[in-house]
Every structure is written in structure tokens, then in C-alpha cells.
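In case you want the letters, here they are:
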Amino acid sequence: MGSADDLSALMKPECPRQQEIKEEYGSNVKLLPSNDQVKELQTILRDRNTSRSDFKFYADRLIRLVIEESLNQLPFTKCTVTTPTNELYQGLKYQRGNCGVSIVRSGEAMEQGLRDCCRSIRIGKILVESDADTHEARVVYARFPEDIAQRKVLLMYPIMSTGNTVIKAVAVLKEHNVLEENIILSNLFCTPVACRSVTAAFPQMKILTSELHFLCPNHFGQKYFGTD
């Protein structure tokens with residue numbers, strides 16, 4: 001039997017790190033619960049000596065954890081089901097109307113992780129490129145489900161160094177009448193600078209990331225797809 005102090009600690013709604021993030025960036029920024037396994041995955045993905053096959057394997061593991069936690073941010077409704085023994089079970093189910101949107105190309109690495117969790121989910125795409133001379137981000141291509149304005153959107157982009165690409169992508173979603181509060185950014189690595197930029201631009205959008213750190217593995221897309 002644990003002590004009263006032990007029980008009190010277990011019942012705390014947020015870990016100290018999450019509380020710090022809330023105070024620094026707002027309540028809509030969520031950090032993937034950290035443990036030794038998550039830290040190992042982050043370490044492998046940052047190691048320049050990691051082979052491409054290992055990189056993809058461990059990236060997929062971290063993506064799955066981030067996607068699972070992102071899905072926890074979606075709304076659920078209560079439901080009742082009948083068990084094989086004809087008993088009634090009070091449970092939960094996702095509200096209808098969710099979709100994914102990946103920011104091409106690195107965001108496409110997260111699509112399979114989402115499909116593994118939500119088999120029939122629809123996925124749109126946004127392509128954002130930087131101008132060679134001005135380095136300004138611009139949207140080249142966007143394709144979404146026709147009714148995206150009525151959906152909750154999981155926006156997938158693994159690496160966020162400056163936030164410029166995500167800001168452009170969210171602006172396009174809002175042009176298609178998606179409510180800011182209906183967007184959840186699923187992200188693996190984010191710098192503090194990028195987090196401040198995105199939350200300043202879209203304070204009602206949720207952000208779920210595995211790590212806030214000034215060093216971002218910007219080689220992610222090239223390494224994952226074997227184009228490095």
C-alpha cells in the first residue's frame with residue numbers, strides 16, 4: 001500500500017515538464033510523455049552513424065507513439081456495446097469526421113503510422129517550398145477531402161525548425177474554412193523558436209511533439225526516404 005504522498009503524486013494532472021511547457025508556450029502545446037524508450041528513439045534518430053534501415057525502423061516507432069498520443073487529443077463520445085456474454089459495456093468511440101493532412105515530403109513518413117491506427121482515414125496533402133532566392137515559404141500544391149471544413153485535422157510534419165512551413169500550411173487549411181481549434185499538429189522534433197512562432201500565429205491550434213530542443217535533426221526526410 002503506497003503512502004498518501006505517493007497517491008497524491010500519481011493523481012497530479014501534469015508532470016513538471018509539461019507544466020513548464022504550458023507556462024512557456026500555452027496549454028495547447030503537449031509533449032509526448034517521456035521515458036527511457038522515447039529518449040533512446042530520439043538519440044538513434046539524431047546519431048549521424050545510424051544506418052538508413054535502422055533510421056526508418058526507429059523513426060516509424062517514434063511516429064507511432066506520436067500519432068497514438070495525437071489521437072488522444074481528438075474528441076470521443078460515450079457508447080454502449082454488447083459483449084460476447086450478452087453483457088453491456090459502457091465505452092468510448094471517436095466522434096466521426098477526422099482526417100489527416102501531411103506536409104510533403106517529410107510529413108508523408110507519418111502517413112502509414114496514422115493508417116495503422118485509423119484504417120480508413122482520409123489523408124490530404126500540402127506541398128510547401130522555399131524560394132531559392134528569398135527563402136520565403138510558398139504553397140505549391142494542396143489537396144484535401146471536400147468536406148475538410150467539417151473535420152478535425154491531424155496535420156503531420158516531423159521536423160519543425162523555424163515554423164515557417166507549418167504556418168503556411170495552416171494558413172491554407174484556414175483558407176479552406178478549417179477552424180484553427182480543429183487542427184492538431186503531430187510533430188516529432190520542434191525547436192523553441194518554431195514553437196513560439198507557430199503558437200503566436202495560431203494560438204488555438206494544438207501541437208503534439210516528442211521533444212522541444214534547439215537542435216533539430218533536419219536530415220530526417222532525406223534519411224527516411226534514402227535521398228541523403
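Higher on the page you've got the structure.
Conventions and cut-offs
Residues numbered from 1 in each chain as written. Predicted model: local features only at pLDDT ≥ 70, side-chain atom pairs only at ≥ 80, totals over all residues. Heavy atoms only, no water. Buried < 20%, exposed > 50% of the residue type's maximum accessible area, 1.4 Å probe, protein only. Helix = DSSP H or I, 4+ residues; strand = E, 2+ residues; numbered from the N terminus. Arc of directions from axis to C-beta. Axes fitted to C-alpha atoms, helices over the stretch in contact; angles between N-to-C directions. Parallel < 35°, antiparallel > 145°, perpendicular 65-115°, else oblique. Left-handed = near helix turned anticlockwise from the far one by under 90°. Contact = heavy atoms within 4.5 Å. Nonpolar A, V, L, I, M, F, W, Y, C, P; charged D, E, K, R; others polar. Phe/Tyr/Trp six-rings, centres within 6.5 Å; stacked < 30°, edge-to-face > 60°.

Chemist: Could you give me a rundown of helix α7 (residues 192–201), with the residues and numbers involved?
Modeler: Within the sequence span of α7, burial applies to A194, C195, V198 and T199. Along the axis of α7, the buried positions cluster into a sector of 120 degrees, meaning they face one direction only. Set apart from the buried face of α7 by more than 90 degrees, the exposed residues are V193 and A200.

Chemist: How would you explain the packing of helix α3 (residues 36–46) against helix α4 (residues 52–71) if you had to name every residue and give the values?
Modeler: Between α3 and α4, the least distance of the axes is 9 Å, while the angle of their chain directions is 140 degrees. One finds that α3 runs oblique with respect to α4. Remark: the crossing between α3 and α4 carries left-handed chirality. Counting all contacts with α3, which are made through Q37, V38, L41, Q42, I44 and L45, the residues of α4 involved are F55, Y58, A59, R61, L62 and L65. Partitioned by chemical class, the residues of the contact of α3 with α4 number nine nonpolar, two polar and one charged.

Chemist: Account for the packing of aromatic side chains, with residues named and values stated.
Modeler: A ring pair, where both rings are aromatic, is described by two values, the distance of the centres and the angle of the planes. Within this structure, the stated rule accounts for five aromatic pairs. Where F220 meets Y224, the ring centres are 5.8 Å apart and the plane angle is 15 degrees; that geometry is what we call stacked. Of this pair, F220 and Y224 both sit in helix α8 (residues 220–225), four residues apart, which is roughly one turn of the helix. Aromatic pair Y224 and F225: ring centres 5.1 Å apart, planes at 75 degrees, arrangement edge-to-face. Its relative accessible area of 6% is what places Y224 among the buried residues.

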